[in-house]
Amino acid sequence: DVKVTQSSRYLVKRTGEKVFLECVQDMDHENMFWYRQDPGLGLRLIYFSYDVKMKEKGDIPEGYSVSREKKERFSLILESASTNQTSMYLCASSDLGRLNYGYTFGSGTRLTVV
Amino acid sequence: GNSVTQMEGPVTLSEEAFLTINCTYTATGYPSLFWYVQYPGEGLQLLLKATKADDKGSNKGFEATYRKETTSFHLEKGSVQVSDSAVYFCALSGDSGGYQKVTFGTGTKLQVIP
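Residues numbered from 1 in each chain as written. Chains lettered and ligands numbered in written order. Predicted model: local features only at pLDDT ≥ 70, side-chain atom pairs only at ≥ 80, totals over all residues. Heavy atoms only, no water.

The number of helices and strands found in chain B is zero helices and 12 strands. In sequence order, chain B lays out its α and β elements as β-β-β-β-β-β-β-β-β-β-β-β. By the compact-globule yardstick of 13 Å for 114 residues, chain B fits well, its C-alpha radius of gyration being 14 Å. Burial statistics for chain B: of 114 residues in total, 44% are counted as buried. Considering only contacts in chain B between residues 6 or more positions apart, those separated by 24 or more positions represent 56%. Total accessible area computed for chain B in this model is approximately 5,300 Å², and 48% of it derives from carbon and sulfur atoms. Computed over 9 positive and 11 negative side-chain charges, the separation of the two mean positions in chain B equals 5 Å. (Helix = DSSP H or I, 4+ residues; strand = E, 2+ residues; numbered from the N terminus. Rg over C-alpha atoms; globule rule 2.2 N^0.38 Å. Buried < 20%, exposed > 50% of the residue type's maximum accessible area, 1.4 Å probe, protein only. Contact = heavy atoms within 4.5 Å. Areas by Shrake-Rupley, 256 points an atom, 1.4 Å probe, with all protein chains shown as cover. Lys, Arg positive; Asp, Glu negative; His and termini not counted. Charge placed at Lys NZ, Arg CZ, Asp CG, Glu CD.)

Attention shifts here to the interface of chain B and chain A. Contact with chain B, which involves 20 residues of that partner, is made by 21 residues of chain A. Taking both partners together, chain B and chain A bury about 1,700 Å²; carbon and sulfur atoms supply 58% of that area. Counting every contact that joins chain B to chain A gives zero salt bridges. Broken down by secondary-structure element, the contributors of at least two residues to the side of chain B that touches chain A are strand E5 (32-38), strand E6 (44-50), strand E10 (86-96) and strand E11 (99-104) of chain B. Ranked by the residues each element gives to the side of chain B that touches chain A, the list is headed by E11(B), at five residues. (Buried area = accessible area lost by both parts, 1.4 Å probe. Salt bridge = Lys/Arg side-chain N within 4 Å of Asp/Glu carboxyl O.)

The structure is reproduced here in structure tokens:
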């Protein structure tokens, strides 16, 4: 069963900490994405990547960075966590040549910054 | 740019009622259209899709028809069940800023009561 795996379902971190959210996919997809989901705001794209070591800013990249050293892994980094980054974080992947197949999502990481 | 507008929720229905969740979109070219579903505590799952005008996507009793003339992709189900309680996201894939990306609506929460 193909899937996208996010390393943690729940995280609690302190303000100012550096936080790593990990995402791994086993479908050999070129594209990977990080979204955050907040009530009333839907899904907002933070960063995406179309290839190893490649990254592009999404709609709300401030306060975040990403790393893609291997095709299957896409990491989201909160350089200095703040309380306004408390949210549900969703990773997704897709096949470069088959975008009309949509995205495959992970189960999400609910991050609380205290 | 591309955008998706869907009806605000929450929508509360009795079991076996008819469901419609409205979705309209703005996009250049010929996007593919999707409905995703998110059950409590989970990531998003692809529910159905349509890739060209007049296509009908269907899955698990849900249907949506790609209407280019009205730029709509309304989700319908003839008889909802308690297990359909979830958040439903309308989405489109298309060119945005030089990249093929998926744009999501803000989601509509459906609650089905026995």
